[in-house]
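Next come the chains, spelled out residue by residue.
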Amino acid sequence: MREQDAPSPDQKKSNVIIPQLGAADGVVVIAYVATLLVPGGLVGLVGGLRGWTLVATAPMFTYAVSGIAGPLCSTLGIRWSPLSWALAFVVLVVVVGGLRLLVRRRRGTPPPGPAIPPWSLAAQLAVVAAAVVATGTGILVILGGIRTLGAIPQDWDAVFHANGIRYMAETGDGSLYGMGLTNWYEPGAPPIFYPNAYHLVATVVYEMTGATIPTVLNAQTVLIPGMLALSLVALVRRYGGRPIVAAAAALAVVAVSSVYDLLWRGPLLPFATGVALTPLLVVLVVDLLDAPGLRAAIRPGLLFALGMAGLLCLHPAILIGAVLFTLPALVQRWWSTPSRVPREVGLLVGGGVVAAVGCAAQVGGTLTTAGTLSAVTWPADQTVSTAVGEILTFGHGSDTVQLWLMAFLLVGLLAYRSLGALRWTGFTAAVFGALFVVAAASSAPWAKTITSLWWNDRWRLIALTAVPLCIVVGHGVGELQRLLVTGLARIADAARHRPPESLPSASPATRRVLAVATSVLVLLAFVVLTRGLYVSRDQARMMQNTGNGPAVSHLEITGMEEIAKIVPPGERVLNDRGDGSTWLYALTGVESVAGHYDGFRTGPDATLLAQSFNRYPDDPAVRAAVQQLDIRYVQLDAGFLRSDATREPGLTGLQTADWLTVVYRNPDVVLYRIDTPGTERTAAEVRAGVPAGPLLSDGSG
């Protein structure tokens, strides 16, 4: 196999695409960074966190508090807005800070937990530089692929997230069932649960910045690789790992293509955000279990519960995945000292109970939707050997491999015993890797059952596999640096005629200089060998579902903006569930009959119109459905999400209907007004020159 993907036509001129990012776009991204870091960081700060853990966990706590506060505000009749969001954090910070102060005054300062070996200032600065490079790489990859921050993600899940943000902003409804009303709104329909921490935070950014909803979606998306890199740095730091391992792992994870596959395919934005924060649950668990006494465990116990809440409020499958991610760490911890188990299991259960109480609504909603997982499946069309090969070569979803990531992974595996306290990460990768192989290579009922928590979707599982593997890749980089230091020290000692038994060099200054120099050299070599952390390869991945279509073209965006000037407020527009018109609400605020590509469990009126609207003059049931949904306009778009899609049966043949009047059209969009059957168009309309039929095909071929 070739190492690098063949260049696209745009990449033949330049290996790396330079994105278009204006000052206004930069303001939105900075606003999103502040929204994620500041409130959650204050919670972590008053909770006693410092350093890398504080910075990395800040977004997790932001999502936790937002995810709990949104539904609570809805229950209390409080509108969700930037003000109510800020007040929720003020209340929590005051409560946590007050409790901590009260405990200190009555019982004194709790004893500290085990000390973590310090990193030198030079090492800290080097890791900071690596984290900045990793974050910048993620932004460059994603923006280079989508070209502009306001680009519309052209896949299944994005429109649901976009419409949900618009719904929250317009209604102030932060409930767990409100977003579903954008598509499942008919009376008597079962409520649709969806965890909404991602959308609650995005709504705050949308209202504060006034940016378009696609811009808000993408402003958070570009930050996800950097969040993941920070999580790995915090994990390595908490386990006393070497700085070079942390830096290399951060660089490696933003090079892995399967991380970006969550961001163009779907995109699976809440899930991908949860993946980025998953390693932090281990950090919070270790903080809790290392507390020297029950009183000392209160603070980390509350933060652990809040971290679990954040993952659950983002996506229930992420919390389950984070628990699986953590289990090997617990097994390694308890293997040599089983006497710890009763106390530490009690602490974990206690923290879990607190999280469950705080997220009772989310837990209840998750249980009610568990049965729908069986309705989703993906084909298992690979062999076991192919699936294992894709794990080891970082080649999933491509006919090429990421050769140098594989090479450094091999070095890390060969030196695995020296990984020390982080050896459990390899077993975590093995757990998710096994689930990936099962999903990719087996169609047996048992295989679907054990992977159903991830919708039997191997793309999600390979991303979860890659995250701990990047620790092993970072270890491989670190071991090469160690060998280089040892070799250079031997050469230096030999030059001074030192005897072999005195090796390594006795000069601490020499060792420090060699450590810094070789670390920089090896990390630079890693970046160069991976062709700039595979930026061009990953940009090509991000280009797959963005741009001028297939679902929404620039002309369709223009058309929807014009439609918003025509359709009166409060009316729904009848549209085709398979074309780009599902974005109408997110982009303009005009509600459509189909608010999502998903037609599962939609109401009877919407279903009837999709099948039979073209029988409007002759079918009383169709006319009743039109009246029930308050429809006077019909929108058809040229672009379909899927290449094999066809126009819904009830929306075919409309170009010849004498009971429809075209009130707007461009080459990609047509808007009809429904007239009373038999009513002729007015002379003014005829003189306006608006044709009776669209320039679009009906989607039948």
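Predicted model only: the values in this text are computed from it and were never measured.

What to know about helix α15 (residues 341-358)
- Between its first and last C-alpha, α15 extends 26 Å over 18 residues, near the 26 Å set by a 1.5 Å rise per residue.
- Those residues of α15 lying buried are E344, L347, L348, G351 and A355. In a view along the axis of α15, the buried residues occupy a sector of 90 degrees, so they form one face of it. In α15, the exposed residues that point more than 90 degrees away from the buried face are P342 and V357.
- Those residues of α15 that are buried are in contact with α12 (279-289), α13 (298-314) and α14 (316-336).

Let's talk about empty space enclosed by the protein
- The full count for this structure, using the stated rule, is seven cavities of 30 Å³ or more.
- Estimates place the volume of the largest cavity at around 130 Å³.
- Along the wall of the largest cavity there are 17 residues; nearest its centre are I146, P153, N218, L263 and M542.
- In terms of residues, the lining of the largest cavity owes the most to one element, helix α7 (residues 213-221), which gives three residues.

Quick look at the side chain of H161
- By the secondary structure assignment, H161 is in helix α5 (residues 158-171).
- Not counting the four nearest positions on each side in its chain, H161 is found in contact with Y194, Y198, H199, L217, P267, L269 and P270.

A closer look at the packing of aromatic side chains
- Across all of its chains, the model carries 13 aromatic pairs by this definition.
- Seen from their ring centres, F160 and Y194 are 5.1 Å apart, and the 70 degrees between their planes marks the pair as edge-to-face. Of this pair, F160 sits in helix α5 while Y194 is found in the loop between α5 and α6 (197-209), placing the two residues 34 residues apart along the sequence.
- The interplanar angle of 85 degrees and the centroid separation of 6.0 Å between the aromatic rings of W264 and W459 together place this pair among those described as edge-to-face. Of this pair, W264 sits in helix α10 (residues 257-264) while W459 sits in helix α21 (residues 458-495), and the two are 195 residues apart along the sequence. Comparing W264 with W459, the two get one shared label, buried.
- Here R237 stacks its cationic end above the ring of W119, 4.8 Å away from the centre of that ring.

What about the nonpolar core?
- Of all hydrophobic cores here, the largest spans 184 residues; its most connected members are Y32, Y63, F271, L405, F526 and W583.
- By residue number, the principal contributor to this core is α21, which donates 13 residues.
- Setting aside its immediate chain neighbours within four residues, F271 contacts L262, H315, A317, I318, W454, R460 and L464.
- Grouped together as the second largest cluster of nonpolar side chains are 23 residues, Y616, L629, A657 and V670 included.

Details of the packing of helix α2 (residues 51-76) against α13
- Orientation of α2 relative to α13, taken along the N-to-C sense of each, is 70 degrees, at an axis distance of 7 Å. As judged from the angle between their axes, α2 and α13 are roughly perpendicular. Judged by residue contacts, M60, F61, Y63, A64, V65, G67 and I68 of α2 engage L303, L306, G307, A309, G310, L311, C313 and L314 from α13.
- Residues that form the contact of α2 with α13 fall into these classes: 12 nonpolar, three polar and no charged.

Some details on a nonpolar patch on the surface
- Taken together, V91, V95, L99, L102, I298, L302 and V354 make up a surface patch of nonpolar side chains, about 580 Å² in accessible area.
- Looking at the nonpolar patch, the elements with two or more residues in it are α3 (82-107) and α13.
- Inspection of the secondary structure assignment puts L102 in helix α3.

A short note on the pattern of salt bridges
- Enumeration over the complete set of coordinates arrives at 19 salt bridges.
- Put simply, D155 and R642 hold a salt bridge, and the shortest N to O gap is 3.0 Å. Of this pair, D155 sits in the loop between α4 (121-146) and α5 while R642 is found in the loop between β2 (631-637) and β3 (660-666), placing the two residues 487 residues apart along the sequence.
- For R642, a relative accessible area of 37% gives the class partly exposed.
- Taking the shortest distance from any N to any O, the salt bridge between R458 and D381 comes out at 3.0 Å. Of the two residues, R458 is situated in helix α21 and D381 in the loop between α16 (360-369) and α17 (384-393); the sequence distance between them amounts to 77 residues.
- Here the residues in one salt-bridge network are R238, D287, D290, R333 and E344, joined through shared partners.

About the cut-offs
- Along each chain, residues carry numbers from 1 onward, in the same order as the chain's sequence is written.
- Two thresholds apply to this predicted model, a pLDDT of at least 70 for residue-level local features and 80 or more for giving and counting side-chain atom pairs, whereas whole-chain, interface and lining totals are computed over all residues.
- Computation of side-chain values covers all heavy atoms of the structure but excludes hydrogens and water.
- Only runs of H or I of at least four residues qualify as helices and only runs of E of at least two qualify as strands under DSSP, and these elements are numbered from the N terminus.
- Each residue after the first adds 1.5 Å to the expected span of a helix.
- Only protein chains enter the area calculation, which uses a 1.4 Å probe; residues under 20% of their type maximum are buried, those over 50% are exposed, and those in between are partly exposed.
- Relevant arc is that of directions from the helix axis to the C-beta atoms, nothing else.
- By the convention used here, residues are in contact when the closest approach between their heavy atoms is within 4.5 Å.
- Using only the protein atoms, space was sampled on a 1 Å grid; points where a 1.4 Å probe fits but cannot get out form cavities, open sets with protein on both sides within 12 Å along at least five of seven lines form pockets, and lining residues are those with an atom within 4 Å of a point.
- Grid points are joined across faces, edges and corners, and a volume is the space filled by probe spheres set on the points.
- Stacked, edge-to-face and tilted are the three classes for Phe, Tyr and Trp ring pairs, Trp counted by its six-membered ring, which pair at centre distances within 6.5 Å; planes under 30 degrees apart are stacked, over 60 edge-to-face, the rest tilted.
- Counting as a charge over the ring demands two things of the Lys NZ or Arg CZ atom: a distance within 6 Å of the ring centre and an angle within 35 degrees of the ring normal.
- Working definition of a nonpolar core: buried Ala, Val, Leu, Ile, Met, Phe, Trp, Tyr and Cys residues. They are joined through side-chain atoms within 4.5 Å.
- Interaxial angle, 0 to 180 degrees, is taken between N-to-C directions of lines fitted to C-alpha atoms, where a helix line uses only the stretch in contact.
- Comment on the angle field: the value is read as roughly parallel under 35 degrees, roughly antiparallel over 145, roughly perpendicular from 65 to 115, and oblique elsewhere.
- Gly falls in the polar group here, along with every residue not listed as nonpolar (Ala, Val, Leu, Ile, Met, Phe, Trp, Tyr, Cys, Pro) or charged (Asp, Glu, Lys, Arg).
- Exposure above 30% relative accessible area and the absence of a salt bridge qualify a residue for a patch, where like charges join within 9 Å and nonpolar side chains (Val, Leu, Ile, Met, Phe, Trp, Tyr) within 5 Å.
- Working definition of accessibility: Shrake-Rupley area with a 1.4 Å probe, residue cover restricted to the visible protein chains.
- Whenever Lys or Arg places a side-chain nitrogen within 4 Å of a carboxyl oxygen from Asp or Glu, that contact is recorded as a salt bridge.

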